[in-house]
Amino acid sequence: MDNFVFQNPTKIIFGRGVEADVGDEAAKYAKKILLHYGGGSIKNSGLYRRITASLTKSGIEYMELSGVKPNPRLSLVREGIGLCRKNGLGFILAVGGGSVIDSAKAIGIGVPYEGDVWDFYCGKADPKETLPVGTVLTIPAAGSEMSCGSVITKEEGLLKRPCNSTMLYPKFSFLNPETAFTLPKYQVGCGIADIMAHLMERYFTNTKHVELIDRLIEACLKTVIQNASKIMDKKDDYDAWAEVMWSGTVAHNDLLSTGREGDWASHNMEHELSAIYDIAHGAGLSIVFPAWMQYVYKHDVSRFAQFAVRVFNVEHTFFDPEEAAREGIRRLKAFFSLLGLPVSLKDAGIGGERLSEMADKATEGGAASQGFFVKLNRQDVYNIFVSAQ
Ligand code: NZQ
Ligand code: ZN
């Protein structure tokens with residue numbers, strides 16, 4: 001196990017109806033805030049009404065910035081920065097999924113910064129301060145509600161890039177599993193795939209003697225798989241959503257990164273897909289992750305066999321562990337299909353025209369590699385995209 005420091009400062013308020021207290025929690029930071037949300041789901045579900053009632057009750061004045069799109073755009077972030085500066089807003093409340101939360105985080109670090117906020121996403125600068133951000137989560141998926149990351153898409157050049165910084169931890173996140181009842185089935189599937197991908201990015205490691213975290217990741221994966229099926233049958237199954245929502249947060253709050261190196265090649269390759277084709281992040285992952293697994297499993301057959309046996313109940317063929325490893329990948333793919341997700345580029349209506357361009361973008365034209373479990377060069381990345389067709 002590697003040495004590590006683990007500190008996650010985000011306060012989680014979890015359960016039925018908890019968002020009624022969001023005003024009191026936000027009031028600890030400012031009395032004039034930005035309320036940031038997406039395309040309308042929170043109005044249709046009644047959540048918007050409950051949030052604004054709570055803010056008003058706590059004496060909070062709020063300005064609104066809606067219209068965050070999945071794969072959140074830099075232009076709206078810039079608008080939010082301007083709005084906060086002009087009106088002296090001291091806090092940002094994000095109500096929505098990963099896209100809204102990531103957009104709020106970007107606005108937060110952009111407000112006190114003199115340069116261009118994109119500097120933080122292209123590696124030119126590290127954020128040193130931020131407006132505080134709080135969240136009310138509506139979809140278990142990205143884990144941004146307790147993560148130190150934000151992913152933004154720059155429209156010019158179609159670049160989707162992450163920023164990671166301790167500045168990006170939300171001050172608090174409200175998690176009410178009931179808010180997920182209104183999710184369309186496709187978004188449920190995308191969220192599940194993303195949660196599983198966060199777990200698997202951490203699982204496939206070269207670090208030895210990491211048994212506790214291996215077991216915790218397996219527990220999370222099994223919990224998500226079992227409860228996803230319940231949700232697919234009954235979309236207002238509170239107990240199943242509670243399991244999935246908490247797993248989604250735990251999957252990405254870095255507890256499960258402790259003492260080990262993660263991989264992250266699949267995530268970075270997926271960002272090239274969603275940047276160009278505006279595909280949902282989870283749907284991009286259900287295409288890329290199995291293709292990546294198929295490409296690298298021979299690097300550590302035992303680890304892949306362990307995954308297959310412990311997570312997907314594959315019978316261990318002691319004399320042919322490779323077969324167990326491959327069966328695990330097949331079962332993962334079958335599970336994604338069952339969730340209604342694409343498992344090939346063709347399934348998502350994506351042709352082969354821009355695979356080379358994506359491989360270039362993911363590796364800075366071949367100058368950089370991707371991943372840690374296996375270091376992938378530009379040709380490897382290209383080969384994986386080709387095999388995902
Ligand atoms: O915009 P609205 O109308 O709210 O609709 C959203 C959106 O269309 C809808 N939705 C959300 N909650 C709903 C709902 N519809 C009905 N009922 C509800 N309760 O779902 C759609 C997708 O929302 P989005 O926020 O895009 O989903 P998700 O949470 O999957 O976020 C994806 C983004 O997060 C980034 C991804 O790259 C992607 O841009 N990620 C962020 C990470 C982080 N900050 O730590 C890590 C992840 O790996 C990921 O990269
Ligand atoms: Zn993800």
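Just above, that's the structure.
As a starting point, this report considers the structure included with it.

1. So, the side chain of asparagine 176
Here comes step 1: Topologically, asparagine 176 is positioned in the loop between strand S8 (172-175) and helix H6 (185-203).
Here comes step 2: The contacts of asparagine 176, once residues within four sequence positions are left out, are Gly15, Arg16, Gly17, Val18, Glu19, Tyr238 and Met245.

2. Remarks on the site of ligand 1
Here comes step 1: Near ligand 1 lie 32 residues; those nearest to it are Gly98, Ser99, Asp102, Ser147 and His198.
Here comes step 2: Within the backbone of glycine 98, a nitrogen or oxygen atom sits 2.7 Å from an oxygen atom of ligand 1.
Here comes step 3: Lysine 160 places a polar side-chain atom, nitrogen or oxygen, 2.8 Å from an oxygen atom of ligand 1.
Here comes step 4: Starting from 960 Å² of accessible surface for ligand 1 in isolation, the protein chains cover 89%.
Here comes step 5: Elements supplying a minimum of two residues to the shell around ligand 1: helix H5 (98-110), strand S6 (149-154), H6 and helix H9 (265-277).
Here comes step 6: Across the shell around ligand 1, the residue classes break down as eight nonpolar, 21 polar and three charged.
Here comes step 7: Of the residues that make up the shell around ligand 1, three or more belong to each of domain 1 (11-179) and domain 2 (185-387).

3. What about the coordination of the zinc ion (ligand 2)?
Here comes step 1: Distances from the zinc ion (ligand 2) to its protein donors, Asp194 (OD), His198 (NE2), His267 (NE2) and His281 (NE2), fall within 2.0 to 2.2 Å.
Here comes step 2: If you list the donors of the zinc ion (ligand 2) from N- to C-terminus, the spacing comes out as D-x3-H-x68-H-x13-H. Note that aspartate 194 is positioned in helix H6 and histidine 267 in helix H9, a separation of 73 residues in sequence.

4. Examining unusual backbone geometry
Here comes step 1: Not every positive phi belongs to a glycine, and leucine 158 is a case in point at roughly 45 degrees.
Here comes step 2: Along the polypeptide, leucine 158 turns up in the loop between S6 and strand S7 (159-164).
Here comes step 3: Look at aspartate 254: it is not a glycine, yet its phi comes out positive at around 80 degrees.
Here comes step 4: Tracing the chain through its elements places aspartate 254 in the loop between helix H8 (238-252) and H9.
Here comes step 5: For aspartate 254, a relative accessible area of 25% translates into the label partly exposed.

5. Let's talk about the pairing of S6
Here comes step 1: S6 sits mainly inside the fold: six of its six residues count as buried.
Here comes step 2: Of the two faces of S6, the one holding Gly149, Val151 and Thr153 and the one holding Ser150, Ile152 and Lys154 are both buried throughout.
Here comes step 3: The turn linking S6 back onto S7 is made up of four residues, and glycine 157 within it adopts a positive phi angle of 85 degrees.

6. Structural notes on the layout of surface pockets
Here comes step 1: As a volume, the second largest pocket reaches approximately 230 Å³.
Here comes step 2: In terms of lining residues, the second largest pocket is bounded by Thr207, Lys208, His209, Val210, Glu211, Asp214, Arg215, Asp300, Ser302, Arg303, Gln306 and Arg310.
Here comes step 3: Only helix H7 (211-233) and helix H11 (301-312) provide two or more residues apiece to the lining of the second largest pocket.
Here comes step 4: Element by element, the count of residues in the lining of the second largest pocket is highest for H11, at four residues.
Here comes step 5: In terms of residue class, the lining of the second largest pocket is made up of one nonpolar, four polar and seven charged.

Rules and cut-offs
Per-chain numbering applies: the sequence of each chain, read as written, is numbered from 1 onward. For this description, chains carry letters from A and ligands carry numbers from 1, given in the order in which they are written. Confidence filtering applies because this is a predicted model: local features only for residues at pLDDT of at least 70, side-chain atom pairs given and counted only at 80 or more, and all residues used for totals across whole chains, interfaces and linings. To get the side-chain values, all heavy atoms of the structure are used, and hydrogens and water are removed first. Secondary structure is summarised from DSSP: a helix means a run of H or I of at least four residues, a strand means a run of E of at least two, and numbering begins at the N terminus for each. Whether two residues are in contact is decided by their heavy atoms, any of which lying within 4.5 Å being enough. Distances are taken per atom, and a residue is near a molecule or strand as soon as one of its heavy atoms is within 4 Å of it. Within 3.5 Å is the distance limit for a polar contact, defined as a pair of N or O atoms, with the added protein rule that one can donate a hydrogen and the other accept it, and that residues adjacent in sequence qualify only through two side-chain atoms. Surface accessibility follows the Shrake-Rupley procedure with a 1.4 Å probe radius. Residue values consider only the protein chains on display as shielding. Only Asp, Glu, Lys and Arg are considered charged, only Ala, Val, Leu, Ile, Met, Phe, Trp, Tyr, Cys and Pro nonpolar, and every remaining residue, Gly among them, polar. As used throughout, domain bounds are those supplied by an automatic or database domain assignment. For Na, K and Ca the donor cut-off is 3.2 Å, while for other metals it is 2.8 Å, and in both cases only N, O and S atoms qualify; water is not among them, so sites may look incomplete. The rule is simple: take the accessible area with a 1.4 Å probe, protein chains only, and divide by the maximum for that residue type; under 20% is buried, over 50% is exposed, in between is partly exposed. Should DSSP find at least two bridges between two strands, the strands are taken to pair. Lining residues are defined by having an atom within 4 Å of a point belonging to a cavity or pocket. Those points lie on a 1 Å grid over the protein atoms alone, cavities being sets where a 1.4 Å probe fits but cannot get out and pockets being open sets with protein on both sides within 12 Å along at least five of seven lines. Grid points are joined across faces, edges and corners, and a volume is the space filled by probe spheres set on the points.

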